[in-house]
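Here is what each chain is made of, one letter per residue.
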Amino acid sequence: STVYLNGAFMAMEQARISPMDRGFLFADGVYEVIPAFNGVLFRFEEHLRRLERSLSALYLINPHDRAGWRRRCQELIQRNGGGNLSLYLQITRGAADKRDHAFPDPPVPPTVFMSTAPLTVPAADSPDQITGAAAITLDDIRWARCDIKSISLLPNILLRQQAIASGAREAILIHDGFVTEGAASNVFIVKDGEIATPPASHAILGGITRDLIIELCREQDLPLREREISEAELGDADEVWISSSTRDVVPVVSLDGRPVGDGRPGETWKILARHYIAFKRRLCGV
Ligand code: PLP
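What this report covers is the structure whose coordinates are included nearby. Keep in mind that this is a model prediction, so the values were computed, not measured.

### Some details on the site of the ligand
Near the ligand lie 18 residues; those nearest to it are Arg 50, Glu 181, Ile 208, Thr 209 and Ser 245. Residue Ile 208 places a main-chain N or O atom 2.8 Å away from an oxygen atom belonging to the ligand. Burial of the ligand by the protein amounts to 92% of the accessible area it has alone, namely 390 Å². Using a 2 Å cut-off from the grid points, one finds that the ligand occupies the largest pocket. Elements supplying a minimum of two residues to the shell around the ligand: strand S9 (178–182), helix H5 (208–219) and strand S13 (239–244). Here the residues of the shell around the ligand are counted per class, giving 5 nonpolar, 9 polar and 4 charged.

Listed below in structure tokens is the structure:
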């Protein structure tokens, strides 16, 4: 595949970075994952806005304006054949000549890398074909700024792996008795017809998919509240969903080995999934 590195497009095999890169040494950088459906970048402005927030939290200067990002991202999608792709974008503080925690002074140019991977459109046409996912609950062992989309993902990696090892697809994280989010997703529950999701804060990554689900619920008059969700409420929910850019919104049908509701995708999820699919079709034609 074709990748983008520091201003140039090249074959993946040609891409080289320095072992002194602060991304490699310290995970000193941020990233985005932006889906493209039918070659059309989905919620692109929203992803760029989050990238701007992540960069400024790290005191990194944004190397491009929005038009510049759009041009580069679109060219990368095109060069990889369009269709359904997920675009990975990473920016690090660059390669200094010595290893020092403090920022390089004077600053060095950031390292900008982008690549794509095939993306299977999860919900496709028919929510009825979706069987749902298993999840387990785990203690949220991450830091206090989960709102930054940092490439420092060791806790997320260990948590996700623990889920996989126990036969589940995702770990749902609990902090002080309350749900925060998934290891790489946001969490929603449904109880007695009301949808709930933890409020945006430093404890979670504000998902672009989460925001879209909230928007669609408001538009469609589906009752949704952003509020704290206790571990007990999660265990007692009629439905549990997880959301992310590469998986849309997926019903969790088993939690810690017990069925959620009747163990099948819930009715509220089906309604939301249809609206989600319709929205995507309007924007991208998929
Ligand atoms: N929370 C975490 C920790 C994530 O890593 C992700 C995405 O990978 C999300 C939430 C979902 O965010 P988005 O919907 O923007 O993909």
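Moving on from the coordinates now.
### Remarks on the pattern of salt bridges
Evaluated as defined, the whole model comprises 25 salt bridges. The partner of Arg 227 in a salt bridge is Glu 233, and the shortest N-O contact between them spans 3.0 Å. Arg 227 sits in the buried class, given a relative accessible area of 16%. On the basis of relative accessibility, which here comes to 31%, the residue Glu 233 falls in the partly exposed class. Shared partners join several salt bridges into a network, and the residues in it are Glu 45, Glu 52, Arg 66 and Arg 70.

### Quick notes on unusual backbone geometry
The phi torsion of most residues other than glycine is negative, and most of the peptide bonds are trans. Here the bond from Asp 105 into Pro 106 is cis, since omega is 0 degrees, no more than 30 degrees from zero. Here Pro 106 shows up in the loop between strand S5 (85–92) and strand S6 (111–118). Backbone geometry at Asn 6 places phi at a positive 50 degrees, although glycine is not the residue there. Within the secondary structure, Asn 6 sits in the loop between strand S1 (2–5) and strand S2 (8–11). Given a relative accessible area of 46%, Asn 6 falls into the partly exposed group. Residue Asp 221 is not a glycine yet carries a positive backbone phi of 60 degrees. With respect to the element layout, Asp 221 can be found in the loop between H5 and strand S12 (224–226).

### Observations regarding helix H7 (residues 267–284)
For H7, spanning 18 residues, the distance from its first C-alpha to its last is 26 Å, which sits close to the expected 26 Å at 1.5 Å a residue. Along H7, the positions that sit buried rather than exposed are Thr 268, Trp 269, Lys 270, Leu 272, Ala 273, Tyr 276, Ile 277, Phe 279, Lys 280 and Cys 284. Gly 285 sits one or two positions beyond H7 and adopts a positive phi of about 75 degrees.

### Here we look at the packing of aromatic side chains
Aromatic rings considered in pairs are described by the distance between their centres and by the relative angle of their planes. Throughout the structure, instances matching the rule amount to 6 aromatic pairs. An angle of 50 degrees between the planes, with centres 6.4 Å apart, marks the rings of Tyr 59 and Phe 103 as tilted. Note that Tyr 59 is positioned in the loop between helix H2 (44–57) and helix H3 (66–79) and Phe 103 in the loop between S5 and S6, a separation of 44 residues in sequence. Under the relative-accessibility criterion, Tyr 59 is labelled exposed at 65%. Between Phe 188 and Trp 241, the ring centres sit 5.8 Å apart and the planes meet at 35 degrees, which makes this aromatic pair tilted. Taken as a pair, Phe 188 in strand S10 (residues 186–191) and Trp 241 in strand S13 lie far apart in primary sequence, 53 residues in all. Looking at Trp 241, the relative accessible area reads 0%, which means it is buried.

### Structural notes on the pairing of strand S11 (residues 194–197)
Both S10 and S11 contribute to a ladder of 3 bridges, which runs antiparallel. Its bridge partner being in S11, Lys 191 is matched across the sheet by Glu 194. In this structure, the hairpin formed by S10 and S11 is closed by a connection of 2 residues, where Asp 192 is found at a positive phi of approximately 50 degrees. The pairing of S11 with S12 spans 3 bridges and is classified as parallel. Paired with Ala 196 across the bridge in S12 is Arg 225. Each parallel crossover has a hand, and for S11 linked through H5 to S12 it is right-handed.

Analysis parameters
- Residues numbered from 1 in each chain as written.
- Predicted model: local features only at pLDDT ≥ 70, side-chain atom pairs only at ≥ 80, totals over all residues.
- Heavy atoms only, no water.
- Near = heavy atom within 4 Å.
- Polar contact = N/O pair within 3.5 Å; in protein donor to acceptor, adjacent residues only side chain to side chain.
- Areas by Shrake-Rupley, 256 points an atom, 1.4 Å probe, with all protein chains shown as cover.
- 1 Å grid on protein atoms, 1.4 Å probe; cavity = no way out; pocket = protein on both sides within 12 Å on 5 of 7 lines; lining within 4 Å.
- Sits in = over half its atoms within 2 Å of the grid points.
- Helix = DSSP H or I, 4+ residues; strand = E, 2+ residues; numbered from the N terminus.
- Nonpolar A, V, L, I, M, F, W, Y, C, P; charged D, E, K, R; others polar.
- Salt bridge = Lys/Arg side-chain N within 4 Å of Asp/Glu carboxyl O.
- Buried < 20%, exposed > 50% of the residue type's maximum accessible area, 1.4 Å probe, protein only.
- Expected span 1.5 Å × (residues − 1).
- Phe/Tyr/Trp six-rings, centres within 6.5 Å; stacked < 30°, edge-to-face > 60°.
- Pairing = 2+ DSSP bridges.
- Right-handed = clockwise from strand over helix to strand, strands pointing away.

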